[in-house]
Amino acid sequence: MKALFIRFYILCKRQLKNSFFLFLLFGFPLLGLGIHTLEKISQEKSDTISIAIYCENPDAFTQNCLEELTHISSFHFYKAESLASLETQVSSGYAECGYVFPNNFHSILLSGNPKRQITLYTSPSTLFASLSKEVVFACIFRSFAKDIAISYIKASPIFDSIRENAIPMFSLQYQSYLNGTEDTSLFHLIYETISITREPNINPSTFVPMPIRGIFAVLLFINSLTATTQTLEDKRKKLPISLLSSIGISFLFLTLSGWFTLYLTKNYTSFFQESLTALFYFLLLYIFCILFSYLCKNTSFMTASIPFFALGSMIFCPIFINLSSFLPIFSILEKFFLPYYYIHLF
């Protein structure tokens, strides 16, 4: 028993001196955290579209428009600190686009020549500028429509006999329209969900939301092939190291690293399920490596085959994208790579 522990200690020490193995051992948690962080940032960006708005010296009307825009739910309008800040945020992609309102905007609208007074800043990546224009216009019109109507009532001769009553009556009706409910507003929309029997064109399993587990399976596969190559080299040097111990020790360390990464990225299921799956995958890798080492005695050829198995697993297995949803042939090719079986256990 003592000799067994001594051999285990020596093999662990030898494994931890392997620079490539240490790179996989400590690099995978960092990679997992990086992917998880990027996914969270991507989700936050996809939830809301940010649009910057700015006015150097806003009048009361413009200030009200800016406040109205910040309360709109379809876009996330926010006030930029300065014009330079707005330009930087749009060019960097933080903001989808930016609107700069002129000073004395209300006076400009009343003058009857309001064309091209608001400056729109966009970048090559801007997609929703045209849609946001409609939202900005609707907000301005909502605030300015009352002034337009009152100016028309004052100037039109058809209101000469009732002008004194027309303006208060219109103001009351317009306020009722702004604050109206479904029963009192001028119009409202009713949304109804209808049943659709047609099958959707996009398979929801096409895209894999989190590739951490798939990458973990590929790393274990690569590690097993590397350990097999090292074992063949040890046998050539007549060292008493078995394939089982070489793969097993490295598999143990990488599995602990992988479980830690899965826990950090909130992909860890349970100790029982993870342990049974790891045991099954280890047996699968061990059997494959025995057969591969029996068929291939050339360590150079085996080393050269590792990139093939790594790239094949990343491409054909459903790690980043499920290609079998597009071409049925991929559903056959993916079964030739062992990470496929580990991924499909979850």
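You'll find the structure just up there.
My aim in this report is to walk through the structure given alongside it, one point at a time. The structure displayed is predicted, hence computed values, not measured ones. (Residues numbered from 1 in each chain as written. Predicted model: local features only at pLDDT ≥ 70, side-chain atom pairs only at ≥ 80, totals over all residues. Heavy atoms only, no water.)

1. Observations regarding the packing of aromatic side chains
Right, so step 1: Applying the stated criterion across every chain, the model contains 23 aromatic pairs.
Right, so step 2: Measuring from centroid to centroid gives 5.3 Å for Phe 308 and Phe 309, while their planes differ by 70 degrees, and the two rings are edge-to-face.
Right, so step 3: Aromatic ring contacts, followed pair by pair, group Phe 221, Phe 288, Phe 292, Phe 308, Phe 309, Phe 316, Phe 330 and Phe 337 into a single cluster. (Phe/Tyr/Trp six-rings, centres within 6.5 Å; stacked < 30°, edge-to-face > 60°.)

2. Digging into the nonpolar core
Right, so step 1: Formed by 41 residues in total, the largest nonpolar core has its most connected members in Leu 220, Phe 221, Phe 251, Tyr 281 and Leu 285.
Right, so step 2: Secondary structure elements with two or more residues in this core: α2 (19–47), α8 (212–236), α9 (243–264), α10 (271–295), α11 (299–316) and α13 (339–343).
Right, so step 3: A per-element tally of this core places α8 first, with 12 residues.
Right, so step 4: Those residues within four positions of Tyr 281 in sequence are excluded, and the remaining contacts are Ala 217, Leu 220, Phe 221, Phe 251, Leu 338, Pro 339 and Tyr 342.
Right, so step 5: Formed by 19 residues, the second largest nonpolar core is a distinct cluster that contains Phe 101, Phe 105, Val 135 and Val 136. (Core = buried A, V, L, I, M, F, W, Y, C linked by side-chain atoms within 4.5 Å. Buried < 20%, exposed > 50% of the residue type's maximum accessible area, 1.4 Å probe, protein only. Helix = DSSP H or I, 4+ residues; strand = E, 2+ residues; numbered from the N terminus. Contact = heavy atoms within 4.5 Å.)

3. What about α10?
Right, so step 1: Taking 1.5 Å of rise per residue, 25 residues should cover 36 Å, and α10 covers 36 Å from first to last C-alpha, within 8% of that figure.
Right, so step 2: Those residues of α10 that sit buried are Glu 274, Thr 277, Ala 278, Tyr 281, Phe 282, Leu 285, Cys 289, Phe 292 and Ser 293.
Right, so step 3: As for α10, its buried residues are in contact with α8, α9, α11 and α13. (Expected span 1.5 Å × (residues − 1).)

4. Remarks on the sheet that holds strand β2 (residues 76–79)
Right, so step 1: Ordered by their spatial adjacency, 4 strands build an open sheet running β2-β1-β3-β4, and the pairing between neighbours is mixed. Two strands bound the open sheet, and with one partner strand each, they are β2 and β4 (119–121). Neighbour-to-neighbour, the strand axes of this sheet turn through a mean angle of 25 degrees, independent of strand direction.
Right, so step 2: Pairing analysis gives 3 bridges linking strand β3 (residues 97–100) to β4, with the strands arranged antiparallel. (Pairing = 2+ DSSP bridges. Axes fitted to C-alpha atoms, helices over the stretch in contact; angles between N-to-C directions.)

5. Some details on the pattern of salt bridges
Right, so step 1: Applying the stated criterion across every chain yields a total of 3 salt bridges.
Right, so step 2: Glu 274 is the salt-bridge partner of Arg 213, the closest N and O atoms lying 2.9 Å from each other. Placement of the pair is Arg 213 in helix α8 and Glu 274 in helix α10, with a sequence separation of 61 residues.
Right, so step 3: Here Arg 213 falls in the buried class, since its relative accessible area comes to 10%.
Right, so step 4: Salt-bridge contacts for Glu 233 lead to Arg 236; the nearest nitrogen and oxygen are separated by 2.3 Å. Here Arg 236 and Glu 233 lie together in helix α8, a separation of 3 residues that amounts to about one turn. (Salt bridge = Lys/Arg side-chain N within 4 Å of Asp/Glu carboxyl O.)

6. A closer look at the pairing of β3
Looking down a regular strand, the side chains alternate between one sheet face and the other.
Right, so step 1: Side chains of β3 alternate between two faces, with Cys 97 and Tyr 99 and Gly 98 and Val 100 buried alike.
Right, so step 2: For strand β1 (residues 50–54) and β3, the ladder comprises 4 bridges, and the chain directions are parallel. Directly across from Ile 51, in β3, lies its bridge partner Cys 97.

7. Regarding the packing of helix α3 (residues 60–70) against helix α6 (residues 129–155)
Between two packed helices, the angle of one axis relative to the other and the distance separating the axes together describe the packing.
Right, so step 1: For the pair α3 and α6, interaxial distance at closest approach is 10 Å and the crossing angle is 130 degrees. With respect to α6, the element α3 is oriented oblique. In terms of crossing hand, the pair formed by α3 and α6 is right-handed. Seen from α3, the contacting residues are Phe 61, Asn 64, Cys 65, Glu 68 and Leu 69; seen from α6, they are Val 135, Val 136, Cys 139, Ile 140, Ser 143 and Phe 144. (Parallel < 35°, antiparallel > 145°, perpendicular 65-115°, else oblique. Left-handed = near helix turned anticlockwise from the far one by under 90°.)

8. Describing unusual backbone geometry
Right, so step 1: A positive phi is found at Asn 104, a non-glycine position, where the angle reads about 55 degrees.
Right, so step 2: Within the element layout of this structure, Asn 104 appears in the loop between β3 and α5 (105–110).
Right, so step 3: Even without glycine at this site, Lys 266 takes up a positive phi of about 60 degrees.
Right, so step 4: One can find Lys 266 in the loop between α9 and α10.
Right, so step 5: Given a relative accessible area of 73%, Lys 266 falls into the exposed group.

9. Regarding the packing of α8 against α11
Right, so step 1: At their nearest, the axes of α8 and α11 sit 10 Å apart, and the two run at 175 degrees to each other. Of the possible angle classes, the one that applies to α8 and α11 is roughly antiparallel. Residues Val 218, Phe 221, Ile 222, Leu 225, Thr 226, Thr 228, Thr 229, Leu 232 and Glu 233 of α8 form the contact with α11, whose own contacting residues are Thr 299, Met 302, Thr 303, Ile 306, Phe 309, Ala 310, Ser 313 and Met 314.
Right, so step 2: Classifying every residue of the contact of α8 with α11 by side-chain character gives 10 nonpolar, 6 polar and 1 charged. (Nonpolar A, V, L, I, M, F, W, Y, C, P; charged D, E, K, R; others polar.)

10. A short note on α3
Right, so step 1: Among the residues of α3, Phe 61, Thr 62, Cys 65, Leu 66 and Leu 69 are the ones counted as buried. With its buried residues spanning 135 degrees around the axis, α3 presents them on a single face. (Arc of directions from axis to C-beta.)

11. What to know about a nonpolar patch on the surface
Right, so step 1: Together, Phe 326, Leu 327, Ile 329, Ile 332 and Phe 336 make up an exposed nonpolar region whose accessible area comes to about 540 Å².
Right, so step 2: Mapped onto the elements, Ile 332 comes out in helix α12 (residues 330–333).
Right, so step 3: In this structure Ile 332 comes out as partly exposed when scored by relative accessible area, which is 49%. (Patch = residues over 30% accessible without salt bridge, like charges linked within 9 Å, V, L, I, M, F, W, Y side chains within 5 Å. Areas by Shrake-Rupley, 256 points an atom, 1.4 Å probe, with all protein chains shown as cover.)

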